[in-house]
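Okay, here's what each chain looks like letter by letter:
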Amino acid sequence: MEALTIRELLEAVNGRLLGEFSDLETTVSKVETDSRTITPGSLFLPLVGERFDGHAYINAALEAGAAGCLTQRERERYLPGKFYIKVDSTHKALRDLAIWYKNRFSIPVVGITGSVGKTTTKDMVAAVLREKYEVLKTEGNKNNDIGLPLTLLRLEKKHQIAVLEMGMNHAGELDYLSGIAQPDVVLITNVGDSHIENFGSREKIFEAKCEIFNHARPGAYTILNGDDPLLSTLRGTRQAVFCGQGEGLDYRSSELESDWRSQVSCRVNTPNGSCRMVIPALGEHMVYPTLMAAAVGEHFGMTLDEIAAGVRNFAPTKMRMNILNRRENITILDDSYNANPQSMRAAIEVLDGYTGDYKVAVLGDMFELGPLAGVLHTGVGEFLGRSHVDCLVAIGELARNIYDAAASSDVPECHYFKTKEEAVPLLRELARPGTTILVKASRGMAFETITNELKQITEEA
């Protein structure tokens, strides 16, 4: 973040200075919302939620070195040498500050949303663009009303393009985020069942995804998944390019190959040519972020060789199908960050095609599926039955549906546990030489603890 004066902060958030502090040229160079991560000279912004109030930590943040803070309420006392800026809402102030700060930079913004693959696509797009440009990207999946503005507040003069991930779990959220990001380039990866509990149908999810266009720049370059039935309905309604494996798409993959150990490759066909690209990740689904990244790269004047080099340098975010090679030919496919029916099937396809003597799927609950949860979990179990996976370990209340369907679909070995702790003794037995183990569930299941357990009982190769 470039340094901001108190004078500029007051303008950005429409605030009022409290207490005796009066030096409007005092600067801050970082915004913090967590009092535990305060750095000297930063601005502390106390957020307020249903179960917490950051105002309780203002003194702790200031004593830890913050130069000052925003506050929704006047204070009983003011620490000497610290500034306090009164605002109506710290949440609104974070948004206003991010918009004001972003507008200081005349750089293009790439906005990415979708039900599945947002983070992977963001990482792939950033990897490609970094072959030619200085890129700011969303870290991890900090893609909500807090993470997005904090990402924009990391902009510096060196940055030439910002690549921003935007998530949602209710109607209106993407409208809000789009109003902050004001993207010049819009990507929608797909429309799936994520958060269907809050929407009721994929059609409603589709409508909510399209809110990203509400505040896009006029003439924004739009990149869509042409194999997605709902996104395909936008053909002809707005200026867009379509990516996928279907005939007649603008960006299309062909000649897909995989070594089933660490990478896939395909021929990428674009309006400007054709090039074979090596993707250092597993799964046929990886062609979609690659094609979208190619479309972004060409939009910003990159050659196919530059794009291919960027694709080779792609590295997934932690717990997003990370391949952990252990001794004795044991492999852990750590895809534990999150799960929905589409990503669950994609992960099973990766496991199905992976080399190894014995293939184990450790699968847990998928959340926010509402009344459809049972049938969607059952669908995963049936899909597992059509694979060549040797063993299922299902964990969680909803995962019982995966277990029942898989057992009925002739998966050779099926186990069910209500809790992760109950499953650990069996997992220790299953981590034997030649085994490949997939670990996947929704974020709330915290399946990284299973990955960590497997890492502890195996040795790094």
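Each chain carries its own residue numbering, running from 1 in the written order of its sequence. Given that this is a predicted model, residues contribute local features only at a pLDDT of at least 70 and side-chain atom pairs are listed and counted only at 80 or more, while totals for whole chains, interfaces and linings are drawn from all residues. Each side-chain value is worked out from all heavy atoms of the structure, with water and hydrogens disregarded.

Draft legend 1. Representation of the packing of helix H1 (residues 6-13) against helix H3 (residues 90-102) within the structure. Between N-to-C directions, angles cover 0 to 180 degrees, with each direction set by a line fitted to C-alpha atoms, over the stretch in contact for helices. What counts as a helix is a DSSP run of H or I of at least four residues, what counts as a strand is a run of E of at least two, and both are numbered from the N terminus. Two elements in contact, H1 and H3, have axes whose closest approach is 8 Å; the angle formed by their N-to-C orientations is 115°. Taken together, the axis directions place H1 and H3 in an arrangement best described as roughly perpendicular. Helix-helix and strand crossings are classified by hand; for H1 and H3 the assignment is right-handed. Here H1 contributes Glu 8, Leu 9, Glu 11, Ala 12 and Val 13 to the contact with H3, which in turn contributes Ala 93, Asp 96, Leu 97 and Trp 100. Residues are grouped as follows: Ala, Val, Leu, Ile, Met, Phe, Trp, Tyr, Cys and Pro are nonpolar; Asp, Glu, Lys and Arg are charged; all remaining types, including Gly, are polar. By residue class, the composition of the contact of H1 with H3 is six nonpolar, no polar and three charged. Comment on the angle field: the value is read as roughly parallel under 35 degrees, roughly antiparallel over 145, roughly perpendicular from 65 to 115, and oblique elsewhere. Helix crossings are classified by the rotation of the near helix relative to the far one: an anticlockwise turn of less than a right angle makes the crossing left-handed, while a clockwise turn makes it right-handed. The criterion used for residue contact is that any of the two residues' heavy atoms lie within 4.5 Å.

Draft legend 2. Looking closely at the packing of aromatic side chains. Here the aromatic set is Phe, Tyr and Trp, taking the six-membered ring for Trp, and pairing holds for ring centres within 6.5 Å; pairs whose planes are under 30 degrees apart are stacked, those over 60 apart are edge-to-face, and all others are tilted. Taken as a whole and judged by the stated rule, the model has five aromatic pairs. A ring pair is formed by Tyr 78 and Tyr 84, whose centres lie 4.8 Å apart and whose planes are at 80°; its orientation type is edge-to-face. Using a 1.4 Å probe on the protein chains alone, a residue whose accessible area is under 20% of its type maximum counts as buried, one over 50% counts as exposed, and one in between counts as partly exposed. Using a relative accessible area of 1% as the deciding quantity, one classes Tyr 84 as buried. Residues Tyr 403 and Tyr 416 carry aromatic rings whose centres are separated by 6.0 Å and whose planes lie at 45° to one another, so their mutual orientation is tilted. Placement of the pair is Tyr 403 in helix H13 (residues 399-408) and Tyr 416 in strand E21 (residues 413-417), with a sequence separation of 13 residues. To sit over a ring, a charge needs its Lys NZ or Arg CZ within 6 Å of the ring centre and within 35 degrees of the ring normal. Geometry around Phe 242 places Arg 235 over its ring, the cationic atom sitting 4.2 Å from the centre.

Draft legend 3. Up close: the pairing of strand E6 (residues 68-71). The alternating pattern of E6 places Gly 68 and Leu 70 on one face and Cys 69 and Thr 71 on the opposite face, and all of these are buried. The pairing criterion is simple: DSSP has to find at least two bridges between the two strands. Bridging between strand E5 (residues 43-44) and E6 involves two bridges; their strand directions are parallel. Note on E6: the bridge partner recorded for Phe 44 is Cys 69. Orient the strands so they point away from the viewer, and a crossover whose first-strand-to-second-strand path over the helix runs clockwise is right-handed. You can see the chain leave E5, run along helix H2 (residues 58-63) and come back into E6, and the turn it takes is right-handed. Pairing of E6 with strand E7 (residues 83-86) involves four bridges; the strand directions are parallel. Opposite Cys 69, over in E7, you have Tyr 84 as the bridge partner.

Draft legend 4. Summary view of helix H14 (residues 420-430). Every buried residue belonging to H14 is among Lys 420, Ala 423, Val 424, Leu 426, Leu 427 and Leu 430, and all of these are buried. Buried residues along H14 sit in contact with strand E19 (358-364), strand E20 (391-395), E21, strand E22 (435-440) and helix H15 (448-457).

Draft legend 5. A look at the pattern of salt bridges. When a carboxyl oxygen of Asp or Glu is within 4 Å of a side-chain nitrogen of Lys or Arg, the pair counts as a salt bridge. Enumeration over the complete set of coordinates arrives at 22 salt bridges. Note that Arg 16 and Glu 74 form a salt bridge whose closest N and O atoms lie 3.4 Å from each other. Taken together, the positions of Arg 16 in strand E2 (residues 16-18) and Glu 74 in the loop between E6 and E7 put the pair 58 residues apart, joining distant regions of the chain. On the accessibility criterion, Arg 16 (44% relative accessible area) is partly exposed.

Draft legend 6. Examining the environment of Arg 154 more closely. Inspection of the secondary structure puts Arg 154 in the loop between helix H5 (147-152) and strand E10 (161-165). Sequence-wise, Arg 154 and Val 31 are 123 residues apart; in three dimensions their C-alpha atoms are separated by 8.8 Å. Residues contacting Arg 154, with those up to four places away along its chain left out, are Met 1, Leu 136, Lys 137, Glu 139 and His 159. Definition of a polar contact: a pair of N or O atoms within 3.5 Å, with one able to donate and the other able to accept a hydrogen when the atoms are protein atoms, and with sequence-neighbouring residues admitted only if both atoms are side-chain atoms. One polar contact links Arg 154 to Glu 139, side chain to side chain, over a distance of 3.5 Å.

Draft legend 7. The arrangement of the sheet that holds E7 in detail. Overall, mixed pairing links the five strands, which are arranged E2-E7-E6-E5-E4 in an open sheet. Whereas interior strands pair on both sides, the edge strands pair on one side only; in this sheet they are E2 and strand E4 (31-32). The strands touched by H1 are E2, E5 and E7; relative to E7, the strand with the most contacts, the crossing angle is about 15°.

Draft legend 8. Highlighting the side chain of Thr 71. Within the secondary structure, Thr 71 sits in strand E6. Looking at Thr 71, the relative accessible area reads 0%, which means it is buried. A distance of 2.6 Å separates a polar atom in the side chain of Thr 71 from the backbone oxygen of Arg 73. When sequence neighbours within four positions are dropped, the list of residues in contact with Thr 71 reads Leu 18, His 55, Ile 58, Ile 85, Lys 86, Val 87 and Thr 90.

None of this, on its own, says anything about what the molecule does.
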